[in-house]
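The lines below spell out each chain.
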Amino acid sequence: MNPRLIKFLAASVIFLNVVSPITQAKSVFDKNGKLKFNEDGKFKIVQFTDTQDGPNTDPRTIKLMNNILDKEKPDLVVLTGDNIADGKCTTREDIKKAIDNIAQPMETRNIPWAIVFGNHDTEHNIMTREEMMKLYMSYPHNISSIGPKNVDGVGNYNLLINGSKSNKPAFNVYMMDSGSYTTTGIGYYDWIKFSQIQWYRSTTEELKAKYKKTVPALMFF
């Protein structure tokens, strides 16, 4: 059940194939709207990270995203932070435009996609993380979540991937907010907090109790 890393491209894009021991059917979602494995026993994730741009996104970035999505045809796309850059967005409209630019490659292809934040995403001090997450979630194919209110950060959530012939998860994807900058005076960049670790542990144990097994998983942050 361990994922197999199959290739790297320019240190900004990672392809992952997750293999399920269950025979799968070809479809991204099951009848209940849950992610599921394909009939070949695989679930492909394309990861884009550090696009770091503003409302006038470099067309080469979008071209690269389009080319990769057309070639790989993933079941899920994950954007892992620093999706927009500091200093390039000066208004709320700039932020909306920057997000729209990187959303369209997935939206036009009807591919489910999800995000976590990096340290640069809210350096503009115009929109909060929660406001930005709500903006991401407004896209039809975005399956991100704000996450529990009693846990540090915004965007701590998990995505279960079902087997095609059952309503039970064959795999799990954890998403976690690694913060921005520390306010404690110790160090510089922020870090994952203990409340997030507790959330991960409790979620894992709840799934284990519910499905009578440990659900294997990846985590993105």
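These notes cover the structure that comes with them. (Residues numbered from 1 in each chain as written. Predicted model: local features only at pLDDT ≥ 70, side-chain atom pairs only at ≥ 80, totals over all residues. Heavy atoms only, no water.)

Take the overall build of the protein next. The secondary structure content of the protein amounts to four helices and nine strands. Helices and strands appear in the protein in the N-to-C order β-β-β-β-α-β-α-β-α-β-β-α-β. Residues classed as buried in the protein amount to 50% of the 221 residues present. Contacts in the protein between residues far apart in sequence, at least 24 positions, make up 66% of those at least 6 positions apart. As displayed, the protein offers around 10900 Å² of accessible surface, 52% of which is attributable to carbon and sulfur atoms. (Helix = DSSP H or I, 4+ residues; strand = E, 2+ residues; numbered from the N terminus. Buried < 20%, exposed > 50% of the residue type's maximum accessible area, 1.4 Å probe, protein only. Contact = heavy atoms within 4.5 Å. Areas by Shrake-Rupley, 256 points an atom, 1.4 Å probe, with all protein chains shown as cover.)

This part covers the nonpolar core. Core analysis: the largest hydrophobic core is formed by 45 residues, its most contacted members being V77 and W113. Top contributing element to this core by residue count: helix α2 (residues 92-107), with six residues. Excluding anything up to four places from it in sequence, W113 contacts L76, V77, L79, A103, M106, E107, Y136, Y139, H141, N142, I143 and S144. (Core = buried A, V, L, I, M, F, W, Y, C linked by side-chain atoms within 4.5 Å.)

Take the pattern of salt bridges next. Tallied over the entire structure, the rule returns 10 salt bridges. For D58, the salt bridge is made with R60, and the minimal N-O distance between the two is 2.8 Å. Residue R129 pairs with D177 through a salt bridge whose shortest N-O separation is 3.1 Å. With a gap of 48 residues between them, R129 in helix α3 (residues 129-137) and D177 in the loop between β8 (169-175) and α4 (194-211) connect regions that are remote in the sequence. Classification of D177 by relative accessible area gives buried; the value is 3%. Salt bridges sharing common partners tie together E130, K134 and K149. (Salt bridge = Lys/Arg side-chain N within 4 Å of Asp/Glu carboxyl O.)

We now examine the packing of aromatic side chains. The full count for this structure, using the stated rule, is nine aromatic pairs. In textbook terms, an aromatic cluster arises when at least three aromatic residues are bridged by ring pairs, as seen for W113, F117, Y136 and Y139. (Phe/Tyr/Trp six-rings, centres within 6.5 Å; stacked < 30°, edge-to-face > 60°.)

Between its first and last C-alpha atoms α2 spans 21 Å; for 16 residues at 1.5 Å apiece the expected length is 22 Å, and the two agree. Where α2 bends most, the angle comes to about 30°, and this point is N101, followed within four residues by the proline P105. All of the buried residues in α2 are D94, I95, A98, I99, N101, I102, A103, P105, M106 and E107. Buried positions along α2 lie against α1 (59-72), β5 (76-80), β6 (113-116) and α3. (Expected span 1.5 Å × (residues − 1). Bend = angle between axes of the 7 residues up to and from the residue.)

What follows covers the side chain of N101. Relative to the elements of secondary structure, N101 occurs in helix α2. When its relative accessible area of 15% is taken as the criterion, N101 is described as buried. Setting aside residues up to four positions removed in sequence, N101 forms contacts with G54, P55, N56, T57 and I62.

Attention shifts here to the environment of T214. Its location among the elements puts T214 in the loop between α4 and β9 (217-220). Judged by its relative accessible area of 48%, T214 is partly exposed. For T214 and F171, which are 43 residues apart along the polypeptide, the C-alpha to C-alpha distance reads 9.5 Å.

The next thing to look at is the sheet that holds strand β3 (residues 35-36). What the four strands build is an open sheet, ordered β3-β7-β8-β9; its pairing is mixed. In this open sheet, the two edge strands, each paired with only one partner strand, are β3 and β9. Inspection of the sheet shows strand β7 (residues 157-162) paired to β8 by six bridges, in the antiparallel sense. Pairing of I161 across the sheet is with F171, part of β8. Against the sheet, α4 touches β7, β8 and β9, its axis set at about 170° to β8. (Pairing = 2+ DSSP bridges. Axes fitted to C-alpha atoms, helices over the stretch in contact; angles between N-to-C directions.)

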